[in-house]
Amino acid sequence: MADEAKAKGNAAFSAGDFSTAIRHFSDAISLAPTNHVLYSNRSAAYASLHKYSDALDDAKKTVELKPDWSKGYSRLGAAHLGLTNFEDAVSAYKKGLEYDPNNEPLKSGLADAQSSASRSRAAPPPMGNNMFNDAFAGPEMWAKLTADQSTRAYLQQPDFVKMMQEIQKNPSNLNLHLKDQRVMQALGVLLNLKFRTPTSEDTDMPESSPSPSSPPERKRAAEAEPVKEPEPEPEPEPMEFSEEEKERKERKAHALKEKELGNAAYKKKDFDTAIAHYSKAIELDDEDISYIMNRAATYLEMGQYEECIKDCDKAVERGRELRSDFKMIAKALTRKGTALAKMAKSSKDYVPAIETFQKALTEHRNPDTLKKLNDAEKAKKELEQQEYFDPKLADEEREKGNEYFKQQKYPDAVKHYTESLKRNPNDPRAYSNRAACYTKLGALPEGLKDAEKCIELDPTFSKGYNRKGAVQFFMKEYDKAMETYQEGLKHDPHNQELLDGIKRCVEQINKASRGDLSPEELKERQAKGMQDPEIQNILQDPVMRQVLTDFQENPKAAQEHTKNPMVMNKIQKLVSAGIVQIR
């Protein structure tokens, strides 16, 4: 499954569809979280989208999983370079070259990183104030100051207005007025920083109750003491503003109560009552999209999918206006996708549901959403197969494939066998024939997969075993091939192709036993054998390690071991793999 997702990701990456590639690589990682290649591939996809922080995380994971793999350091260097961490990029490329000194991409990346680092040191970028420029730009500044109750009163003070006009004309003038706490309070409002300083209150107090008998500095110090007390702002605000705020809070509190009543009704499955309460909450407070979301969930339970979709769209639109938490936006999109999936009656109906789930995952990668996406894709595929199913046309396509196979036009034959399987995915003959084509084309992993599917569909079909054994033979897995042929003979004891296959395997295995392999052939077979998990387990088994030692040093003990069928079976596997030679 992970290999399939990886293949889809590679195809999407090659086509330049990096977002889709990331999705497929992520799916593969969820199935094989220790595969370093998957993190490397996803890092490359993130870097292609200029998402260098994500690329850096995956590159670090790649190096963590496989510290001696040079490509991991290439990914790490590229991510650091994208983030302008030039020194870190240089270190990453140098580390990779320690493992692979002749790697050209690493050399090229190192040269780029060193060049960028030199330029960076030679001409450091000036300290910018873009954030402040944006904060003081345009009429939005005055609108924000007017809207916030903590700065509204300042706009009645000519000296404050003059200072803000000077700062707006030239943001560098901000440094001249930083000691004025009114300016600091205004800066917090413009940058959306809800901080409060004790001196912001002190600035207004002398105006409302001046005291000529004491210096302003001493008065401000005295007034700063009770700051910790939860008293209201001492600014001379008109009463109408505090009443408005009070009314707004009351409406929010009322809306929250309506939501709680709706939740209670929902739990009792009294959906009509729940809808009424949620609708009232929405009327009272349109700044909380959770009320819309809850009503959408109720419509979903009621089977009123169109209404659910409308509410989800409304929640997404309003949520973006309010800059709501991206998780809430993702939840609304997931709920919409669920409603669309429930409405689907054909494979095409699943397309908008799948697209909606994918959008939700771009907002927030939630396991539940990912599962819903996979279920929708699976349902779509199953419906496509059902809609496309036609055994008669499948047989016609298979016959066309047979004709091309006889003409040795194997790619064309594969095309027709594939179409046949789309029309009838349960025909073992088409899988067997396509496996034969793949074997002729040297696509051995694909041929093995088809042969195994053929056997799965019809365990008594001898050609399936013949195809699988042939692929394993060409992969030089002679012991596995012999096991496959022997399994096939259980169903067809006199099948000549299977018998011939066993003879070929025995010849190759005996060749290794006699030591007739050339040094190159022996080395190749040993390398392949060491990649086999079964061989690795045998060599790591303490009992087998003692057995191998006895064969070399203790002939009497070795003779006893030969009486154990299980031990000799493992010895034979080691001999077949070229790991052990018997002389």
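Residues numbered from 1 in each chain as written. Predicted model: local features only at pLDDT ≥ 70, side-chain atom pairs only at ≥ 80, totals over all residues. Heavy atoms only, no water.

**Student:** Got a minute to help me understand unusual backbone geometry in this structure?
**Tutor:** Keep in mind that most residues, glycine aside, have a negative phi and that most peptide bonds are trans. Of note, the phi angle at T84 is positive, near 60 degrees, even though the residue is not glycine. Counting through the fold element by element, T84 comes out in the loop between α5 (70-82) and α6 (86-99). Even without glycine at this site, K476 takes up a positive phi of about 65 degrees. Within the element layout of this structure, K476 appears in the loop between α26 (462-474) and α27 (478-491). For K476, a relative accessible area of 38% gives the class partly exposed. (Helix = DSSP H or I, 4+ residues; strand = E, 2+ residues; numbered from the N terminus. Buried < 20%, exposed > 50% of the residue type's maximum accessible area, 1.4 Å probe, protein only.)

**Student:** Teacher, can you tell me more about the nonpolar core here?
**Tutor:** Most often, soluble globular proteins keep nonpolar side chains buried together rather than apart. Membership of the largest hydrophobic core comes to 21 residues, with the highest contact counts inside it found for C308 and Y350. Once residues lying within four places of it in the same chain are set aside, the contact partners of Y350 are A341, A344, A376, A379, K380 and L383. (Core = buried A, V, L, I, M, F, W, Y, C linked by side-chain atoms within 4.5 Å. Contact = heavy atoms within 4.5 Å.)

**Student:** I'm lost on α5 in this one. Help?
**Tutor:** Given 3.6 residues per helical turn, the α-helix brings residues three or four places apart onto the same face. Spanning 13 residues, α5 covers 19 Å between terminal C-alpha atoms, matching the ideal 18 Å at 1.5 Å per step. Regarding α5, the residues found buried are S70, G72, Y73, S74, L76, G77, A79 and H80. T84, located one to two residues past α5, shows a positive phi value of around 60 degrees. (Expected span 1.5 Å × (residues − 1).)

**Student:** Hey, could you run me through the packing of aromatic side chains in this one?
**Tutor:** Centre distance and the angle of the planes are the two values used to describe a pair of aromatic rings. Per the counting criterion, the structure on display carries 7 aromatic pairs. Their ring planes at 55 degrees and their centres at 5.3 Å tell us that Y154 and F160 sit as a pair that is tilted. Note on F473 and F474: the rings are 6.1 Å apart at their centroids and 80 degrees apart in plane angle, and the pair reads as edge-to-face. Given the relative accessible area of 15%, F473 is considered buried. Three or more aromatic residues joined by ring pairs make a cluster, and in this case those are F473, F474 and Y478. For R504, the ring lying beneath its charged end belongs to F473, and the centroid distance is 5.7 Å. (Phe/Tyr/Trp six-rings, centres within 6.5 Å; stacked < 30°, edge-to-face > 60°. Lys NZ or Arg CZ within 6 Å of the ring centre and 35° of its normal.)

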